[in-house]
Amino acid sequence: MKRAILMSRVSSDEQAKGYSLDIQVEKLSEHCRKENYLIINVFKEDHSAKNFNRPEFKKLLIYLKQNKGKVDLLLITTWDRFSRNLTESFSMIEQLKNLGVEVQAIDQPLDLTVPENLMILSVYLALPDIDNKRRSIKITEGVRAGKASGRWQNLAPYGYRNSRDEGNKPIIVPNEKAETVKTIFTQLANGKSASEIRLGLKKKGIRIQPSSFSDIARNPVYISKIWVKTKEGGYYVKGIHEPLIDEQTFDRTQRAIQCHILKKNISVVQAFKEELHLRGHLLCSHCNRNLTGSASKGRNGVRHHYYHCNHCGKDRIRAEETHQKIEALLGELKVNTEATKLYEKMVRKLLSGQEKSRRPLSKIQEEIHQFEQRLKNTEDDLADRVIDIETFSRSKARFTTELSKLRSELSDHSSSSTAFEQFLKKGIHLLKDLPGFYKAGSVHVKREVIGSIFPEKLVVAEKKCRTTKINSAVLLITAIDKGSKGKEKGQSFKNLELSAKVEDIGVEPTTSCMPCKLIESSTM
C-alpha cells in the first residue's frame, strides 16, 4: 500500500472567487480510497504559488525529511496547486524525488518516468506561469493608467489614508497626521535640522524613524504630484488628491535638505586638534614631506605638542612657537581704512556687472504668465478632446516643473541683494582684523583661513616661513595698502619668504597709479 500526503492550496484572490481547501482535500481523499492509498498527513495552505517560499510548504519539506522513506506520494488536484513557477517546479520535483516522494496531480496524471511526459508537464506548469505574468502586466498597466489620471495607487503615505470617491475609485485623503507633515515641511524650509524636528515631535509623542522622515521630506505627493513610471523613465502628473503644502514650501525644503547634505559631506577625514590644527599645511624643510603632529609628556607631567617629520626625522618644531609665527604673519595682512573702502567699491563694481547679467524680474514674471496660460490651454484641449489623457499628463507635468523653477528663481531674485550685503559686511570685517578672526575661530575656521591665503603648503624656518605661492587677491590688497611704494618679489613680508617662482600675471600693480585708477573706475 502506497503512503500519501495530501496538499491543497488556494491564494487569497482564488479564495474570494469560491475556491475551497476542503473541497480539494475531499477530492484527494476520495482518490486515495479508490486507489487504496494510505493517507499519512494533510497540508493546507492559502498562499500564492509564485515560488516555494511558502510557510506551509516549508513545514511539508521538514516533515518529509524527518520521515524519509515513510512517504511515497505527494498528491495534488492539478499542477497549478503545486506551483505556478515553471523553473522552480522542476527543481522541487527533483528534490522530492531524492526524498523518495513522487508528485502526482490526480486531475492531470502523468508518468514522469516517460521522458515525453516531461514536455506535457512543462505545458501544465507553463500555462499558470504565463497566466501569472500576463496578470502582472495587466495589473502594472492598470496601476500606470490610474497614476496617469492622477490617482495614488499604493498604500497611502504618511499624512493620508486610502479612501474611495463618489465613483468608488481609489483616492487618498488627509488624516489626523496631516498636521505633522505640514510641521515637518515648514520647519525644514525655515532652516531647522531633521534631528531638531524629530526631537520636537518626539516630545509630543510622535515618533518618526530617520528613514521615514527623509521619505516624507522628499515625497512630491504632498504637493499633489504623482510619479508615473514608463519604459523611457517616467514623468510627474498632477494628482487629484488634496495637497498638504504649497510648491514654494516644498522647493525651499528641497534646497534646505541639499544644503544640509553638502555641509555633512565636507570632507573631515581626521579630527584635527586645536593644539595641532596646522597638520596637513606644513612641509618638512629637509625632505619636503608633510609634517604630522603629536604630544609628549615632560618631566613635570605637562604635555608639549610638536610638528615633526616621520619620513626623515630631521624636523621637530614646537607647535606653540609655530602658531605664533603664523599669527605674526597674518598680522602683516591688516589693511587700512582706505584700502577697505577700495575693496568694497571693487567688489560692488564686480557684482553689479553680475547683477546686470541676471535675467530681469519682468522677464521672469512674463514667462510665469506664459506657462500658466499654457497649462490652461492644455486643460481646455483635454476637455475638447483635442489631446488624450496621456499627452495631457505629460504636458502638464512639464509645464508644472517649469513653473516651479521660475517661481523659485523669482523668490531667489528678491532675496539675493540682502544676502550680498551680509556677505560684504562679513568680508570687510574679516579684512579689518584677520589675526583676531583667526585666533578666535574654531579649528575648521583656522584651517580654512590658512588654506585660502596659502594655496601651497608652508615651511616654518627659524626666521621666516616659506611658501611657493600666496593668494593673488591677498598680494593685491597688501600692495594697495602700501600705496604707491610697490614691492620687490619675495620681500613683501617680514615673516614670509616667497620662492623665486614667477608670480601670476596681474598680482603686482604695473604702475604706481594703479590704486587710483581702480578707485576712479569704481566710481564711474
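Residues numbered from 1 in each chain as written. Predicted model: local features only at pLDDT ≥ 70, side-chain atom pairs only at ≥ 80, totals over all residues. Heavy atoms only, no water.

A. Molecular detail of unusual backbone geometry. Phi is positive for Asn36, which is not a glycine, with a value near 60 degrees. Along the chain, Asn36 falls in the loop between helix H2 (21-35) and strand E2 (38-45). At Asn288, a residue that is not glycine, the phi angle is positive and equals roughly 65 degrees. With respect to the element layout, Asn288 can be found in the loop between helix H10 (247-264) and strand E9 (292-297). (Helix = DSSP H or I, 4+ residues; strand = E, 2+ residues; numbered from the N terminus.)

B. Representation of the side chain of Arg151 within the structure. Topologically, Arg151 is positioned in the loop between helix H6 (115-148) and strand E5 (160-164). In this structure Arg151 touches Gly146, Asp165, Lys169, Pro170, Ile171, Ile226 and Ile240, once residues within four positions along its chain are discounted. (Contact = heavy atoms within 4.5 Å.)

C. Broad picture of the pattern of salt bridges. Applying the stated criterion across every chain, the model contains eleven salt bridges. Note that Asp72 is salt-bridged to Arg3, the shortest N-O span being 3.2 Å. Here Asp72, found in the loop between helix H3 (55-66) and strand E3 (73-76), pairs with Arg3, found in strand E1 (residues 3-9); they are 69 residues apart in sequence, far enough to count as distant. Between Asp165 and Arg151 there is a salt bridge; the shortest N-O distance is 2.8 Å. Of this pair, Asp165 sits in the loop between E5 and strand E6 (170-174) while Arg151 is found in the loop between H6 and E5, placing the two residues 14 residues apart along the sequence. (Salt bridge = Lys/Arg side-chain N within 4 Å of Asp/Glu carboxyl O.)

D. Helix H9 (residues 210-218), seen in detail. Taken together, the buried positions of H9 are Phe213, Ile216 and Ala217. All buried residues of H9 lie within an arc of 95 degrees about the axis, which places them on one face of the element. Opposite its buried face, H9 presents the exposed residues Ser211 and Asp215, each directed more than 90 degrees away. (Buried < 20%, exposed > 50% of the residue type's maximum accessible area, 1.4 Å probe, protein only. Arc of directions from axis to C-beta.)

E. A look at the sheet that holds strand E10 (residues 303-308). Across the sheet, three strands lie side by side as E9-E10-E11; this open sheet has antiparallel pairing. In this open sheet, the two edge strands, each paired with only one partner strand, are E9 and strand E11 (316-318). The average undirected angle you get between the axes of adjacent strands in this sheet is 35 degrees. Relative to E11, E10 runs antiparallel, the two sharing three bridges. Across the sheet, the residue bridging to His308 is Arg316, located in E11. Docked against the sheet, helix H11 (residues 319-331) engages E10 and E11, running at close to 70 degrees with respect to E11. (Pairing = 2+ DSSP bridges. Axes fitted to C-alpha atoms, helices over the stretch in contact; angles between N-to-C directions.)

F. Looking closely at a nonpolar patch on the surface. On the surface, Met1, Leu38 and Ile40 cluster together to form a nonpolar patch covering roughly 290 Å² of accessible area. If you trace the backbone, Ile40 turns up in strand E2. (Patch = residues over 30% accessible without salt bridge, like charges linked within 9 Å, V, L, I, M, F, W, Y side chains within 5 Å. Areas by Shrake-Rupley, 256 points an atom, 1.4 Å probe, with all protein chains shown as cover.)

G. Local environment of the packing of aromatic side chains. Going through the model one piece at a time under the given rule, you end up with ten aromatic pairs. Taking the centre distance of 6.1 Å and the plane angle of 85 degrees together, the rings of Trp79 and Phe82 count as edge-to-face. Pair noted here: Trp79 and Phe82 are both in helix H4 (residues 79-82), with a separation of three residues, about one helical turn. The buried category is assigned to Trp79, whose relative accessible area is 0%. (Phe/Tyr/Trp six-rings, centres within 6.5 Å; stacked < 30°, edge-to-face > 60°.)

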